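# Descriptive analysis of the structure
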Amino acid sequence: IAPATVDKVPLAVDALRRGGVIAVATDTIYGLAVDASNEDAVNRLYNVKGRQKTKPLAISVGSVEDISTYGDCDSLPSTLLNSLLPGRITVVLNQVESCVELCPSIKSVGTIAIRVPGNEFVQNLCQVFGKAIALTSANLSGQPSSKRISDFEEMWGFIDL
């Protein structure tokens, strides 16, 4: 486990590019993240959490402008997303049909839950990574969310960073 400092972003990006599962502090709780375009990594995330694959994962992107790559923003007032994000809000939008970056298991629902994190480390991570990450809570499915690193200690052996 490495501290979530800006100088550790390249280490986290490298782990994501290799298909790894990483643990990150988010705006609210601890989370687990993978490359949202890597089907093997997404499947591994589902397995680590013991989560049913019928439960969709949210994605996080580096800026409000990135949202339109994945979700249809055409019907939204132009200032709405900028007034809500970055931060703790998750927006659920219809997926953009032309989006090919997301792996099939994330695209399977037709809608997409998107966050622009307010957490500086996660926001920098998304920006440097250059594409969406799948991000979910760092806990076994159905268990309480992790507010401390020790809360998900039983998962550490399955996490790459």
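Structural notes, computed from the coordinates.

Cut-offs used in this document
- Residues numbered from 1 in each chain as written.
- Predicted model: local features only at pLDDT ≥ 70, side-chain atom pairs only at ≥ 80, totals over all residues.
- Heavy atoms only, no water.
- Axes fitted to C-alpha atoms, helices over the stretch in contact; angles between N-to-C directions.
- Helix = DSSP H or I, 4+ residues; strand = E, 2+ residues; numbered from the N terminus.
- Parallel < 35°, antiparallel > 145°, perpendicular 65-115°, else oblique.
- Left-handed = near helix turned anticlockwise from the far one by under 90°.
- Contact = heavy atoms within 4.5 Å.
- Buried < 20%, exposed > 50% of the residue type's maximum accessible area, 1.4 Å probe, protein only.
- Polar contact = N/O pair within 3.5 Å; in protein donor to acceptor, adjacent residues only side chain to side chain.
- Patch = residues over 30% accessible without salt bridge, like charges linked within 9 Å, V, L, I, M, F, W, Y side chains within 5 Å.
- Areas by Shrake-Rupley, 256 points an atom, 1.4 Å probe, with all protein chains shown as cover.
- Salt bridge = Lys/Arg side-chain N within 4 Å of Asp/Glu carboxyl O.

### Re the packing of helix H1 (residues 9–17) against helix H6 (residues 120–129)
Where H1 meets H6, the axes come as close as 9 Å, and the angle between the chain directions of the two elements is 55 degrees. One element, H1, and the other, H6, form an angle in the oblique class. The two elements H1 and H6 cross, and the hand of that crossing is right-handed. Across from Val 9, Ala 12, Val 13, Leu 16 and Arg 17 in H1, the residues of H6 making contact are Phe 121, Asn 124, Leu 125, Val 128 and Phe 129.

### Section: H6
The buried fraction of H6 is high, at seven of ten residues. For H6, every residue scored as buried is listed here: Phe 121, Val 122, Gln 123, Asn 124, Leu 125, Cys 126 and Phe 129. Of the surrounding secondary structure, the elements contacted by the buried residues of H6 are H1, strand S1 (22–25), strand S2 (30–35), strand S3 (58–60) and strand S6 (133–137). Two to three positions downstream of the cap, the backbone nitrogen of Phe 121 sits 3.0 Å from a side-chain oxygen, assigning the N-cap of H6 to Asn 119. Just downstream of H6, Gly 130 is the residue with a positive phi angle, here 85 degrees.

### Section: a nonpolar patch on the surface
Together, Leu 80, Leu 84 and Ile 89 make up a nonpolar patch on the protein surface, roughly 200 Å² of accessible area in all. Within the secondary structure layout, Ile 89 lies in the loop between helix H4 (80–84) and strand S4 (90–94).

### Re helix H2 (residues 39–49)
Turning to H2, its buried residues are Ala 41, Val 42, Asn 43, Leu 45, Tyr 46, Val 48 and Lys 49. Of the residues flanking the start of H2, the one acting as N-cap is Asn 38, its side-chain oxygen 3.0 Å from the backbone nitrogen of Asp 40. Looking one or two residues beyond H2, the residue adopting positive phi is Gly 50, at roughly 70 degrees.

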